[in-house]
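Each chain, written out:
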Amino acid sequence: MHEAQPQNQEPNEAGPSRRSVLWTAGAAGAGLGFAGLGSGPAAAAAPGAAGSAEAAAAPPRPQGRTMIGVPFEPRSTVRIGIIGLGNRGGSMIDLFLAMPDVRVVALCDPVKDKVVKAAAKVTKAGQPAPAVYTNGQNDFENLCRRTDIDFVYAATPWDLHFEMARTALLNGKHVGTECPLALRLDQLWELVDLSERTRRHCLQLENCCYGRNEMRVLRMAHAGLFGELLHGAGAYIHDLRGLMFDPTYYEGPWRRLWHTRMRGDLYPNHGFGPVANYMDVNRGDRAVRIASFGSQARGLAAYRKEHMPPGDPSWKESYIESDRTISLVQTAKGRVIRLEHDVSTPHPYSRINSLGGTKGLFEDYPERIYLEPDQNNDEWGDFGRYAQWDHWLWKEHANPPGGHGGMDYMLVLRLTQCLRLGLVPDFDVYDAATWSAPVALSDRSIKAQGAPQEIPDFTRGLWRKARPGMDSQKPAE
């Protein structure tokens, strides 16, 4: 069993290839010696190490034409290949199959039973039997080589997103991953460069951007109801202790083991993405620097002591991940974004989802609003009174199916619509890289006693130009 690195050491980069680690329970059991953040041609030291290949400085010039404003190619049928059919991929396939003019043509997971179950869903939906790829950890490469796939969707452990996105791009496929897009800055830069060179979109499919409240606040902010925007906050506060110690939910301990390797915000995207959209980050403003602070690591060890029997493999693990991380992001316009992460202490679920400006404030969990002149008595107002500001997606699909309150459905609906009609996607590789950068940078900042870390300008200066994003107009079919 993996022995965790002491808190004052950086993770060791030596170890198995990222391809061979943490796909399944068996892979996790075989890969517990993996203590770093991946290996590869661009790898150097772990986040926070001096002289790292993750240097935040941008290359001197773009290595390809920008992907800003580039539409998908229109197509009558959208052909999807799915890599990873665990809890996330196994549920998202239902939404892809529910979309008009979408075919699921290929599936990949080294656990054959999961592929068989997913393939049965495809045929039950009246589609031809999909091609299946179950031959070990690297079979996703063969899926990406197919010529009948338009978009590759990767729903695998975090370690694998980079290589799967990279492989899809190099094989001429548009690609989207679950969050984060990648764990290191050099990996993020490589995917930005590859997206530009291959002319294929590389997206981090952030479902929280499509939440009803998030999309309503977005439209209200853009209409000026909050006045000049000053600050916002987003988070991933979710008690995952039971799931992380469940021997089957995450198919092995891969997610829990990240708490033995890093101290930073392991999952910033759900909170960062929506607030970045409110503030038009990469579309007129830019996230410039981040300073992070972390509490002691106590929650997982306390849970283990109370719930895990002697001899359980988890007793060989030493947890260093801060139970609560708090990061402050400053933008080029002087706005402040607060990000929080906590998955190892008792707490009701919250993404905070807050936005404040010169005319008032919105806060979520529970939802409440205070806007002048609507409220002037020091009492919160009813956010339901602003339903007229709902995004057109929510006006047309008021009770969507699927998980997470319907946001998953909205994400898949809008993604496949953009692919089918040849539209510019609502977010792009520059957004994906920006939203994922706090993983490495928050860890680096905490280890440097909260010293601010520069956030790369992945747009290479093009953030200064205003452009559309999530606040889309309904397209003509």
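Please refer to the structure higher up on the page.
Our subject in this report is the structure included herewith.

Calculation criteria
Residues numbered from 1 in each chain as written. Predicted model: local features only at pLDDT ≥ 70, side-chain atom pairs only at ≥ 80, totals over all residues. Heavy atoms only, no water. Helix = DSSP H or I, 4+ residues; strand = E, 2+ residues; numbered from the N terminus. Buried < 20%, exposed > 50% of the residue type's maximum accessible area, 1.4 Å probe, protein only. Contact = heavy atoms within 4.5 Å. Areas by Shrake-Rupley, 256 points an atom, 1.4 Å probe, with all protein chains shown as cover. Pairing = 2+ DSSP bridges. Axes fitted to C-alpha atoms, helices over the stretch in contact; angles between N-to-C directions. Polar contact = N/O pair within 3.5 Å; in protein donor to acceptor, adjacent residues only side chain to side chain. Salt bridge = Lys/Arg side-chain N within 4 Å of Asp/Glu carboxyl O. Parallel < 35°, antiparallel > 145°, perpendicular 65-115°, else oblique. Left-handed = near helix turned anticlockwise from the far one by under 90°. Nonpolar A, V, L, I, M, F, W, Y, C, P; charged D, E, K, R; others polar. 1 Å grid on protein atoms, 1.4 Å probe; cavity = no way out; pocket = protein on both sides within 12 Å on 5 of 7 lines; lining within 4 Å. Points joined across faces, edges and corners; volume = space filled by probe spheres on them. Domains from an automatic or database assignment.

With that settled, consider the overall build of the protein chain. Of the regular secondary structure elements, the protein chain holds 15 helices and 14 strands. Residues counted as buried form 61% of the 477 residues belonging to the protein chain. Across the protein chain, contacts joining residues at least 24 apart in sequence account for 76% of those joining residues at least 6 apart. As displayed, the protein chain offers around 17900 Å² of accessible surface, 51% of which is attributable to carbon and sulfur atoms.

The next subject is the sheet that holds strand β7 (residues 229-237). Strand order in this open sheet of 8 strands is β13-β12-β11-β7-β10-β9-β8-β14, and the pairing throughout is mixed. Across the chains shown, the open sheet's two edge strands, defined by having one partner strand only, are β13 (368-371) and β14 (453-454). Where strand β12 (residues 360-363) and β13 come together, 4 bridges link them in antiparallel fashion. Note that in β13 the partner of Glu-363 across the bridge is Arg-368. Across the sheet, helix α15 (residues 438-447) lies against β8 (287-294), β9 (325-331), β10 (336-342) and β14, angled at about 55° from β8, the strand it touches most.

A word on the side chain of Gln-375. You can see Gln-375 is positioned in the loop between β13 and α12 (392-396). One polar contact links the side chain of Gln-375 to the main-chain amide nitrogen of Leu-371, over a distance of 2.6 Å. Not counting the four nearest positions on each side in its chain, Gln-375 is found in contact with Ile-369, Tyr-370, Trp-380, Gly-381, Arg-385 and Tyr-386.

In this section: the pattern of salt bridges. Here the structure, examined in full by the defined rule, presents 32 salt bridges. Salt-bridge contacts for Asp-150 lead to Arg-75; the nearest nitrogen and oxygen are separated by 3.4 Å. Taken together, the positions of Asp-150 in the loop between α4 (140-145) and β4 (151-154) and Arg-75 in the loop between α1 (25-30) and β1 (78-83) put the pair 75 residues apart, joining distant regions of the chain. Across the pair, exposure class does not vary: Asp-150 and Arg-75 are buried alike. Arg-219 serves as the salt-bridge partner of Asp-471, at 3.6 Å between the closest nitrogen and oxygen. Within this pair, whereas Asp-471 is found in the segment after β14, its partner Arg-219 is found in helix α7 (residues 212-222), the two being separated by 252 residues in sequence. Residue Asp-471 is classed as partly exposed on the basis of its relative accessible area, which comes to 24%. Each of Glu-73, Arg-75, Arg-79, Asp-150 and Arg-200 takes part in salt bridges that share partners, so that together they form one network.

Remark: α7 packs on helix α10 (residues 269-278), axes separated minimally by 9 Å, with the N-to-C direction vectors making an angle of 25°. By the angle class used here, α7 and α10 are roughly parallel. Classified by chirality, the crossing of α10 by α7 is right-handed. Contact with α7, carried on its side by Glu-214, Val-217, Leu-218, Ala-221 and His-222, involves Pro-274, Asn-277 and Tyr-278 of α10 and no other residues of that element. Looking at side-chain class alone, the contact of α7 with α10 contains 5 nonpolar, 2 polar and 1 charged residues.

The buried fraction of α15 amounts to 9 of the 10 residues, a majority that puts the element mostly inside the structure. By the burial criterion, the buried members of α15 are Pro-438, Val-439, Ala-440, Leu-441, Ser-442, Asp-443, Arg-444, Ser-445 and Ile-446. The positive-phi residue at the C-terminal boundary of α15 is Gln-449, with phi of around 60°.

Moving on to the layout of surface pockets. Here the largest pocket defines a volume of roughly 840 Å³. By residue number, the principal contributor to the lining of the largest pocket is helix α2 (residues 87-98), which donates 6 residues. Taken together, the residues of the lining of the largest pocket break down into 19 nonpolar, 14 polar and 7 charged. Shared between two domains, the lining of the largest pocket holds at least three residues of each, these being domain 1 (78-204) and domain 2 (209-393 + 428-454). The volume enclosed by the second largest pocket comes to roughly 330 Å³. Taken together, 22 residues form the lining of the second largest pocket, with Ile-68, Gly-69, Val-424, Arg-467 and Pro-468 sitting closest to its centre. Of the residues belonging to the lining of the second largest pocket, the class tally is 9 nonpolar, 6 polar and 7 charged.

Now for the sheet that holds strand β6 (residues 202-204). Read from one edge to the other, the open sheet built from 6 strands follows the order β3-β2-β1-β4-β5-β6, with strand pairing classed as parallel. The sheet is open, and its two edges are formed by β3 (131-133) and β6, each paired on a single side. Across this sheet, the average inter-strand angle for adjacent strands is 25°, counted without regard to direction. Here β1 runs beside strand β2 (residues 102-108); their pairing, made up of 6 bridges, is parallel. Note on β2: the bridge partner recorded for Arg-79 is Arg-103. Against the sheet, helix α13 (residues 407-421) makes contact with β1, β2, β4, β5 (174-177) and β6, and its axis sits at roughly 135° relative to β1, the strand it touches most.

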